[in-house]
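# An overview of the molecular structure
Take a look at the letters that make up each chain.
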Amino acid sequence: MFFIGSAGSRCERRGPVPNQPCPGCGRRGMELIETYFGLSAFFLPLARLDRRYYLVCPGCAGVWEISRADGKLLQQHPEAVLPADHLAAAGGFNPRESRFCPNCGAEVSFGDRFCRRCGHPL
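Conventions and cut-offs
- Residues numbered from 1 in each chain as written.
- Predicted model: local features only at pLDDT ≥ 70, side-chain atom pairs only at ≥ 80, totals over all residues.
- Heavy atoms only, no water.
- Helix = DSSP H or I, 4+ residues; strand = E, 2+ residues; numbered from the N terminus.
- Buried < 20%, exposed > 50% of the residue type's maximum accessible area, 1.4 Å probe, protein only.
- Contact = heavy atoms within 4.5 Å.
- Areas by Shrake-Rupley, 256 points an atom, 1.4 Å probe, with all protein chains shown as cover.
- Pairing = 2+ DSSP bridges.
- Axes fitted to C-alpha atoms, helices over the stretch in contact; angles between N-to-C directions.
- Patch = residues over 30% accessible without salt bridge, like charges linked within 9 Å, V, L, I, M, F, W, Y side chains within 5 Å.
- Salt bridge = Lys/Arg side-chain N within 4 Å of Asp/Glu carboxyl O.
- Core = buried A, V, L, I, M, F, W, Y, C linked by side-chain atoms within 4.5 Å.

## Remarks on the overall build of the protein chain
Of the regular secondary structure elements, the protein chain holds 1 helix and 7 strands. Along the protein chain, from the amino end to the carboxyl end, the secondary structure elements read β-β-β-β-α-β-β-β. Expressed as a percentage of the 122 residues in the protein chain, the buried residues total 37%. When contacts within the protein chain are restricted to residue pairs at least 6 apart in sequence, long-range pairs at least 24 apart make up 41% of them. For the protein chain, the accessible surface area stands at approximately 7,400 Å², while carbon and sulfur atoms represent 55% of it.

## Details of the sheet that holds strand β5 (residues 88-89)
Spatial strand order, β1-β2-β3-β4-β5: 5 strands in an open sheet with antiparallel pairing. Two strands bound the open sheet, and with one partner strand each, they are β1 (5-21) and β5. As paired strands, β1 and strand β2 (residues 28-41) are joined by 13 bridges and run antiparallel to one another. Directly across from Glu 12, in β2, lies its bridge partner Glu 34. Lying over the sheet, helix α1 (residues 68-76) contacts β1, β2, β3 (44-56) and β4 (63-66), oriented at roughly 90° with respect to β3.

## So, a nonpolar patch on the surface
Where nonpolar side chains cluster on the molecular surface, the patch consists of Phe 37, Leu 39, Leu 46 and Leu 49 and spans about 350 Å² of accessible area. For the nonpolar patch, the secondary-structure elements that each account for two or more residues are β2 and β3. By secondary structure assignment, the location of Leu 39 is in strand β2. Leu 39 gets classed as partly exposed once you look at its relative accessible area, which sits at 31%.

## A few points about the nonpolar core
Looking at soluble globular proteins, one finds that nonpolar side chains tend to be buried together. The biggest cluster of nonpolar side chains holds 14 residues, and the ones touching the most others in it are Leu 32, Leu 55, Ile 66 and Leu 74. Only β2, β3 and β4 provide two or more residues apiece to this core. Apart from residues no more than four positions distant in its own chain, Leu 74 is found in contact with Val 17, Leu 32, Leu 55, Ile 66, Ala 80 and Leu 82. In this structure, Ile 33, Tyr 54, Ala 90 and Phe 100 belong to the second largest nonpolar core, which totals 7 residues.

Just distances and angles here, no functional claims.
Have a look at this one:
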């Protein structure tokens, strides 16, 4: 008997948040990103653990962590605007050295010209 399953970190784009201003540069319009550790068996998702939500600014490539409740709110109501004190600079992310692919949402380095996951030009 054998078992087909997988586990690993996942990163998914959850859509634009058009009215949210970036605390770094002031530009309106950010992208909501969800990261989690996923478990699956026989290609069926079983669990999403350690969910985290981030807002990414396309202008300055700033990454801001938000609470799980705020992330779910923005998924349901993307026109909502969070107060600036709800956004925290993401630990472990340097906005000058990391950003996300606009096509698949994978994290890419600042100097990359193409996404390493899907090959989309950056």
